[in-house]
Amino acid sequence: MKISYNWLKTLVNTDINADEAAALLTASGLEVEALESFESLKGGLKGFVVGHVLECGKHPDADRLSLTKVDIGSGEPLSIVCGAPNVAAGQKVIVATIGTKLYPAEGEPFEIKKSKIRGAASEGMICAEDEIGLGKSHDGIMILPADTKVGLAASEYFKIETDTVLEIGLTPNRSDAASHLGVARDLVAIVNSSKQFQELSVNIPGLQRLPEGSGLNKVEVIVENKEGCKRYSGIVISGITVKDSPDWLQSRLKAIGVRPINNIVDITNFVLHELGQPLHAFDLEKIKDKKIIVRNAKEGEKFVTLDGTERTLKANDLMICNSTSPMCIAGVFGGMESGVSETTTSVFLESAYFDPSHVRRSSKNHGLKTDASFRFERGTDPDMTVRALTRAVNLIFELAGGVVSMELTDVYPEKLEPYKVAFSYTNCNELIGKEIERATVKNILLNLGIEIETEGTDGLLLRVPRFKTDVTREADVIEEVMRVYGYNNVEVSKSITYTAFNENKNFDIALENKTASILEGFGFNEIMCLSLTKESYYGETPKNVKVVNPLSNDLNVLRGDMIFSGLEAIAYNINRKNADLKFFEIGRTYSMNNEAEFKYEEQKNLSLFVSGKIFKENAYKLDHTVDLSFLKSALENLFEKCGVKTIKSTESSYPNFDFGLTYTLNNKPIAEIGSVNKSVLKNFDISAPVFYACINWNVLLRSFSKQKVNFEEISKFPSVRRDLALLIDKSVKYRQVEELAFASEKKYLKEVNLFDIYEGEKLGNKKSYAVSFTLMDKEATLTDKQIDGVMEKLINAYKEKLGAELR
């Protein structure tokens, strides 16, 4: 949100500079993210001065050029070559001195330099209005009145306004500060509580009492949806002239990034940003039967908004209508047919309090975000509608003429009373951690617009105005006192109080920490992805958990699978030249099960992603690319460290894999691992292979919580390694080779490892596994006879069970 500091000072008469004000506001919770300079004319006419043409003669070598001598009030006159046909001696002109940067109405900016034009020196430039951005005419130079002072800065002559714009990062709960008035109120409260500056007050100009209406016009206001519109105020002004706004009003709006349109529309925008109350102006002649009806739209009703877009309305859209058709989406956007134009002579000016949920719903329905909906969605001040109309009407009198032809009408059937909050000084001091003087507390509350109804020995009964939508409890009031008093004014305690307590071990947190430590050792980095994602990843399925009011179509469901958010992170990094990736995420997936007692299901998972090279570029020429075996080794290492034993693997049926494995523990799936399907990767514009694993956290957690750590002495007796080259069918998996080995020899066999695979045309439908076997006896050194016996047993088992041959 942008706040003009010049504008702010029309509400608060202060000599505090913009930097000091920004620091005070930031300390109170209204964070000023940036300070920007604004000039009503780009460049601010820096370097331009009023000059007096002393001499003017023809250039000897150019018929269309003149040689002039110009006095700019600073020493010797300047020699300037001028091409304007209307230049003459005795004139007062605008001169751009050397080094001045020009921002013409059309074309690129350029800098004035000392030069020679057809052999004659030129030490500046006599300017036309289009060359300095004050108009579009290039018929000749600007000629000023004869009594204009020589040497006067052009910025001073043309009254160029300079301003500082505060960019405030407004949080959703601070709807009360969504205007210059709201920021001014905070600034006054902060300054008055600090006692470092002169005491301030907020003064809203232009609230003179309106004259009585002539009765020439009458508009009937009917509010059918009283929940959606709790207050509706309106007035008719006739005899107006629609034209461009004066420079001061255009400058105010341009400073905060609002484009001027015409004086009537500009006034409604001005009041919105000044007081925080959106207004809307209807052309009176376009209100059929002179009726304003606030009602819900009819399902499927068509409506063309100001941007020329035809929209299909929904039955829950709150609309402002005439007797036959809609004219405006209430609190969101006006209609094309009822808006103010150059031919408008009478307007019906609307100021209303719309229910935030109704405005939010319409805004979401049509994907419209406007300055008005921004404020109505967060909550406006129901007591501001008439004051805002008064301010706007007085501005219309000043800038467009006219008279009140229908007195102000105010439909307000049930007054919204202020929030009543009981406030205790003791509770305030305990929560803040410091005793603040009661007079200071009361001063802060009163400056924030909070009234004191009654006062007791230890507290106050407060009336909190409706514009403070987030201040409804005592704790909220204390927070207001705290932020205005200043967090930095509360000293840090010199002691820390801590109560020690005993609790059972939290295995879930312990597993998270251990998992992160193990995977970090493998070179993985943790990622945290949004649980919101796009439905197109999953297609239309009853399992999707849909968001009722999605921020966008890309965030309209809760994720039902970990893979897609991880692939988004992979693509994001690859697109930024970071292609060697090892990611893990501990997150949740969501699904619908209408047959279960609780139809929403939530599952915690661990996901792993690898792509690119295993190692970064190094001097040891390690240039291995990640593959499924790398991810498999990381996963199995994690299982081993977390107490997962006796797992089995089968071919995976996961649809997003080209190939992969499903791991089971006690017949329950614990993990899926495989190579991501190329068609899936193509949707993310990923050309490199990506390998993915997803682990069921709850199954892993159960094994981890039962894990017992045993310590044993390193064996005094050596281990022995033997290798076999097995020729087996391609359909045989390595897991079968490993499981059969441990099933055949349980006493001496300690480890089985696959260290080579060979497949070739000569082997046909066979493949060769090179497998190592580590044998050891903890009681004695193994003899050759014992070793040969074990190996014989293994060879026979492979021949009989797997049809293997020795190579």
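Structure shown above.
Cut-offs used in this document
Residues numbered from 1 in each chain as written. Predicted model: local features only at pLDDT ≥ 70, side-chain atom pairs only at ≥ 80, totals over all residues. Heavy atoms only, no water. Helix = DSSP H or I, 4+ residues; strand = E, 2+ residues; numbered from the N terminus. Buried < 20%, exposed > 50% of the residue type's maximum accessible area, 1.4 Å probe, protein only. Areas by Shrake-Rupley, 256 points an atom, 1.4 Å probe, with all protein chains shown as cover. Lys, Arg positive; Asp, Glu negative; His and termini not counted. Charge placed at Lys NZ, Arg CZ, Asp CG, Glu CD. Disulfide = S-S within 2.5 Å. Contact = heavy atoms within 4.5 Å. Pairing = 2+ DSSP bridges. Axes fitted to C-alpha atoms, helices over the stretch in contact; angles between N-to-C directions. Salt bridge = Lys/Arg side-chain N within 4 Å of Asp/Glu carboxyl O. Phe/Tyr/Trp six-rings, centres within 6.5 Å; stacked < 30°, edge-to-face > 60°. Polar contact = N/O pair within 3.5 Å; in protein donor to acceptor, adjacent residues only side chain to side chain. Patch = residues over 30% accessible without salt bridge, like charges linked within 9 Å, V, L, I, M, F, W, Y side chains within 5 Å. Parallel < 35°, antiparallel > 145°, perpendicular 65-115°, else oblique. Left-handed = near helix turned anticlockwise from the far one by under 90°. Nonpolar A, V, L, I, M, F, W, Y, C, P; charged D, E, K, R; others polar.

1. Description of the overall build of the protein chain
If you tally the helices and strands in the protein chain, you get 19 helices and 41 strands. Reported as C-alpha extents along the three principal axes, the dimensions of the protein chain are approximately 120 × 85 × 65 Å. Counting over 807 residues, the protein chain shows a buried share of 48%. Of the accessible surface of the protein chain, which amounts to about 42200 Å², a share of 48% is contributed by carbon and sulfur atoms. Charge-centre separation for the protein chain: the mean point of 99 positive side chains lies 5 Å from the mean point of 113 negative side chains.

2. Points about the state of the cysteines
Enumeration according to the criterion identifies zero disulfides in this entry. Distance from the sulfur of Cys694, which forms no disulfide, to the nearest cysteine sulfur (Cys529) is 12 Å.

3. Some details on the environment of Leu635
As for its position among the elements, Leu635 is in helix α15 (residues 628–641). Leu635 sits 36 residues away from Ala671 along the chain, and the two C-alpha atoms are 9.1 Å apart. Apart from residues lying up to four places away in sequence, Leu635 is in contact with Leu608, Tyr663, Ala671, Ile673, Ala693 and Ile695.

4. Remarks on the sheet that holds strand β26 (residues 451–455)
One open sheet accounts for three strands, arranged β25-β27-β26; its pairing is antiparallel. The open sheet terminates on both sides in strands that have one partner only, identified here as β25 (419–424) and β26. Pairwise comparison of adjacent strand axes, ignoring direction, gives a mean angle of 30° for this sheet. Both β25 and strand β27 (residues 459–464) contribute to a ladder of six bridges, which runs antiparallel. Paired with Val421 across the two strands is Leu462, which belongs to β27.

5. Digging into the sheet that holds strand β16 (residues 279–283)
Paired through their backbone hydrogen bonds, the strands of a sheet run either parallel or antiparallel. Taken in spatial order, the four strands make up an open sheet running β16-β23-β15-β24, and their pairing is antiparallel. Sheet topology places β16 and β24 (403–411) at the edges, where each strand pairs with a single neighbour. Along the sheet, successive strands turn relative to each other by an average axial angle of 20°, direction set aside.

6. Thoughts on the pairing of β26
Sheet topology note: the β26/β27 ladder contains four bridges and is antiparallel. Bridge pairing in β27 places Glu455 opposite Leu460. If you look at the hairpin formed by β26 and β27, you'll find three residues sitting between the two strands.

7. Considering the pattern of salt bridges
Two side chains bearing opposite charge may form a pair once their charged atoms approach each other closely. Under the definition given, this model contains 39 salt bridges. For Lys632, the salt bridge identified is with Glu636, shortest N-O distance 3.1 Å. On the criterion of helical spacing, the pair formed by Lys632 and Glu636 is a turn pair, its members being four residues apart in helix α15. Using a relative accessible area of 26% as the deciding quantity, one classes Glu636 as partly exposed.

8. A word on the packing of aromatic side chains
Under the defined criterion, the tally for this structure stands at 20 aromatic pairs. Where Trp248 meets Phe270, the ring centres are 5.8 Å apart and the plane angle is 90°; that geometry is what we call edge-to-face. On the criterion of sequence distance, the pair formed by Trp248 in helix α5 (residues 247–255) and Phe270 in helix α6 (residues 263–275) is long-range, its members being 22 residues apart. One aromatic cluster is present, built from ring pairs that chain together Tyr537, Tyr538, Phe564 and Phe684.

9. Brief notes about the pairing of strand β17 (residues 291–296)
Note: strand β14 (residues 220–223) against β17, four bridges, orientation parallel. Directly across from Glu220, in β17, lies its bridge partner Lys291. For β17 and strand β20 (residues 318–321), the ladder comprises four bridges, and the chain directions are antiparallel. What sits directly across from Ile293, in β20, is Cys321.

10. Topic: the side chain of Ser245
By the element assignment, Ser245 lies in the loop between β15 (229–238) and α5. A distance of 2.6 Å separates the side chain of Ser245 from the side chain of Asp266, its partner in a polar contact. In this structure Ser245 touches Gln250, Asn262, Asn263 and Asp266, once residues within four positions along its chain are discounted.

11. Notes on a nonpolar patch on the surface
Together, Phe615, Tyr620 and Leu622 give the surface a local cluster of nonpolar side chains, amounting to about 350 Å² of exposed area. Examined against the element boundaries, Phe615 turns out to sit in the loop between β33 (600–611) and α15.

12. Some details on the packing of helix α7 (residues 356–366) against helix α8 (residues 371–378)
Axis separation between α7 and α8 bottoms out at 7 Å; the angle between their running directions is 140°. Taken together, the axis directions place α7 and α8 in an arrangement best described as oblique. As for how α7 packs across α8, the hand of that crossing is left-handed. Along the contact surface, α7 presents Pro356, Val359, Arg360 and Ser363, while α8 presents Ser373, Phe376 and Glu377. Split by residue class, the contact of α7 with α8 holds three nonpolar, two polar and two charged.

13. Let's talk about the packing of helix α10 (residues 425–432) against helix α12 (residues 474–485)
Taken N-terminus to C-terminus, the directions of α10 and α12 make an angle of 60°; their axes are 10 Å apart at the nearest point. In terms of orientation, α10 and α12 fall into the oblique class. Crossing of α10 over α12 shows right-handed handedness. Two secondary-structure elements touch here, α10 through Asn427, Cys428, Leu431 and Ile432 and α12 through Glu474, Ile478, Val481 and Met482. Among the residues forming the contact of α10 with α12, the class breakdown is six nonpolar, one polar and one charged.

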